[in-house]
Amino acid sequence: MFELRKNIAFDLLNGRCQCYVREGPDGKTHIRGETEVLEEGKVRVRPIVTKACWRFEDLRQELLEGLKSRATGTSTVHDQSSRTHAVLELEIVTRALLDARDAIVQRQSELVPVGKRATDIYIEENTKGYIQNADGKYVPNPDYQIDQARIDAAEAKKAEFESYVQQAEDKVSGILKSSRHSCLGGKLVFVDLAGSEYYHDKTTSTAQRPKQTPQEQQEGRQINTDLLALKEVIRARASKQARIPFRSSPLTMVLRDHFLGTNATDSYSAMILTVSPSSEQFAATMNTLKYGSLVGVASGEKKRVTR
């Protein structure tokens, strides 16, 4: 459970510590905590904290604790205003699956120093094996012979540890495929979007609006930027565009995998819209309904807008 505030992610299950939104070499977006340096040069980048809840009461308690950590403040609209987009991810797991995933993290931490040593040896040997001549070109060093056996040995050791990582990943895949429950690994993703509460309808509103503070204006601009980015992603998917602008904001980056992982046979999405019964908010209400309706036209997917 995390929230996004001014392009920064905060872990709501870990004392609201700062996290980082990063795109990995696998093309997926990851929410990562701090990098830890362990014994013997092992390096471990801890993922965002997850809590295993084996009873509903455990889940409820963790959720309430996370909600207490959310950032709220006083705005020109009301005094309990959400200042962030919050994301809650629930996954169906077993203890065997969790243990297998922890093994992947351990194998990866063991690979880092071995891979670094292989790289260092390669650079060291090639630095000694070449010199720069008078013309500025690099040529073989006649006084040093590159120790290819040393390089090959380091690369072989690296490949060995890479195979351990692969074996750990294969075990996770095996658990998912062999499970008697098709829902194992299934996810439910809840997103509480910060509302566009700074919308002012100059044509229909007769009430005097309080002046916004500079902080409120800055937060409002960031919220509106995120909501616009999300709308453009939904619009691009609905029109089957070749390029989907997921990188437009951190919000769309963290939701990218959920968008790409959905299809008409095994997914379902719903958007709940909060609107006002006041006639003064007619234009804002219509804009909210139009925004939500975009979800209903997403190409080929079962979507519903709840009003």
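Attention here is on the structure that accompanies the text. Nothing here was measured: the structure is a model prediction, and the numbers come from that model.

1. Considering the overall build of the protein chain
Alright, step 1. Within the protein chain, the secondary structure is distributed over six helices and 13 strands.
Alright, step 2. Within the protein chain, buried positions represent 31% of all 307 residues.
Alright, step 3. Approximately 19300 Å² of the protein chain is accessible, and the part contributed by carbon and sulfur atoms is 53%.

2. A word on empty space enclosed by the protein
Alright, step 1. For the structure shown, the criterion picks out one cavity of 30 Å³ or more.
Alright, step 2. Considering only enclosed or pocket space, the largest cavity measures out at about 100 Å³ in volume.
Alright, step 3. For the largest cavity, the lining is made up of 13 residues, of which Leu-4, Arg-5, Lys-6, Arg-83 and Gln-222 are closest to its centre.
Alright, step 4. Of all the secondary structure elements, the ones that give two or more residues to the lining of the largest cavity are strand E1 (2-5), helix H4 (214-238) and helix H5 (250-260).
Alright, step 5. In the lining of the largest cavity, the residues fall into four nonpolar, four polar and five charged.

3. Thoughts on a negative patch on the surface
Alright, step 1. Taken together, the side chains of Asp-147, Asp-152, Glu-155 and Glu-162 define an acidic patch exposed on the protein surface.
Alright, step 2. By relative accessible area, which is 34% here, Asp-147 ends up partly exposed.

4. Looking at the sheet that holds strand E5 (residues 43-47)
Alright, step 1. A sheet is described by the order of its strands in space; here seven strands give the open sequence E5-E4-E3-E2-E1-E8-E11, paired in antiparallel fashion. Among the strands making up the open sheet, the edge pair consists of E5 and strand E11 (187-192). With direction set aside, neighbouring strand axes in the sheet form an average angle of 35 degrees.
Alright, step 2. Taken strand by strand, helix H2 (residues 95-129) contacts E5 and strand E8 (85-91), and its axis lies near 150 degrees from that of E5.

5. Focus: the state of the cysteines
Alright, step 1. This structure, assessed with the given rule, holds zero disulfides.
Alright, step 2. Summary of cysteine pairing: Cys-17 is not part of a disulfide, and the nearest cysteine sulfur, belonging to Cys-19, is at 4.5 Å.
Alright, step 3. Judged by relative accessible area, Cys-17 falls into the partly exposed class, the value being 28%.

6. Focus on the pairing of strand E3 (residues 17-23)
Alright, step 1. The sheet contact formed by strand E2 (residues 8-11) and E3 spans three bridges and is antiparallel. For Asp-11, the partnering residue across the bridge sits in E3 and is Cys-17.
Alright, step 2. The hairpin formed by E2 and E3 contains five residues between the paired strands, and Gly-15 there has a positive phi angle of roughly 65 degrees.
Alright, step 3. As defined by bridge partners, E3 adjoins strand E4 (residues 29-37) across four bridges and the pair is classed as antiparallel. By the bridge assignment for E4, Tyr-20 is matched with Arg-32.
Alright, step 4. The turn joining E3 and E4, which pair antiparallel and follow one another in sequence, is formed by five residues; a positive phi near 85 degrees is taken by Gly-27.

7. A short note on the pattern of salt bridges
Alright, step 1. Here the structure, examined in full by the defined rule, presents 18 salt bridges.
Alright, step 2. Arg-16 is paired through a salt bridge with Glu-3; the nearest N and O atoms lie 2.5 Å apart. Separated by 13 residues along the polypeptide, Arg-16 in the loop between E2 and E3 and Glu-3 in strand E1 bring together distant segments of the chain.
Alright, step 3. Residue classification places Arg-16 among the partly exposed residues on the basis of a relative accessible area of 24%.
Alright, step 4. Look at Glu-3 and you get buried, because its relative accessible area is 0%.
Alright, step 5. Across the pair Glu-62 and Lys-51 runs a salt bridge whose closest N-O atoms are separated by 3.4 Å. Of the two residues, Glu-62 sits in helix H1 (residues 56-68) while Lys-51 sits in the loop between E5 and H1, which places them eleven residues apart along the sequence.
Alright, step 6. Each of the salt bridges in this network shares a partner with another, and the network as a whole consists of Glu-3, Arg-16, Arg-70 and Asp-192.

8. So, H5
Alright, step 1. Among the eleven residues of H5, nine are classified as buried, and the element is accordingly described as predominantly covered.
Alright, step 2. Within H5 the residues assigned to the buried category are Pro-250, Leu-251, Thr-252, Met-253, Val-254, Leu-255, Arg-256, His-258 and Phe-259.
Alright, step 3. On its buried side, H5 packs onto E1, E3, E4, E8, E11 and H4.

Conventions used here
Just so you know, the residues in each chain are numbered from 1, in the order the chain's sequence is written. Note on the predicted model: pLDDT of at least 70 is required for a residue's local features to be given, and 80 or more for side-chain atom pairs to be given and counted; whole-chain, interface and lining totals, by contrast, use all residues. Processing note: side-chain calculations cover all non-hydrogen atoms of the structure and skip hydrogens and water entirely. The secondary structure listing takes helices from DSSP runs of H or I that are at least 4 residues long and strands from runs of E that are at least 2 residues long, numbered from the N terminus. Think of it in three bands: with a 1.4 Å probe and only protein chains considered, a residue is buried below 20% of the maximum accessible area for its type, exposed above 50%, and partly exposed in between. Here the open area of atoms and residues is found with the Shrake-Rupley method and a 1.4 Å probe, where only the protein chains shown may cover a residue. The method works on a 1 Å grid over the protein atoms by themselves. A cavity is a set of points holding a 1.4 Å probe that cannot get out, a pocket is an open set with protein on both sides within 12 Å along at least five of seven lines, and residues with an atom within 4 Å of a point line them. Grid points are joined across faces, edges and corners, and a volume is the space filled by probe spheres set on the points. For this classification, Asp, Glu, Lys and Arg are treated as charged, while Ala, Val, Leu, Ile, Met, Phe, Trp, Tyr, Cys and Pro are nonpolar and the rest, including Gly, are polar. Like-charged residues within 9 Å of one another, or nonpolar side chains (Val, Leu, Ile, Met, Phe, Trp, Tyr) within 5 Å, are grouped into patches, provided each residue has over 30% relative accessible area and no salt bridge. Whenever a carboxyl oxygen of Asp or Glu lies within 4 Å of a side-chain nitrogen of Lys or Arg, that contact is scored as a salt bridge. A residue counts as positive if it is Lys or Arg and as negative if it is Asp or Glu; His and the chain ends are not included. By convention, charge coordinates are those of NZ in Lys, CZ in Arg, CG in Asp, or CD in Glu. In this analysis, strands are considered paired if DSSP registers two or more bridges between them. Orientation is described by axes fitted as lines to C-alpha atoms, over the contacting stretch for helices, and by angles from 0 to 180 degrees between their N-to-C directions. Should any heavy atoms of two residues lie within 4.5 Å, those residues are considered in contact. A pair of sulfur atoms, both from cysteines and within 2.5 Å, is called a disulfide here.

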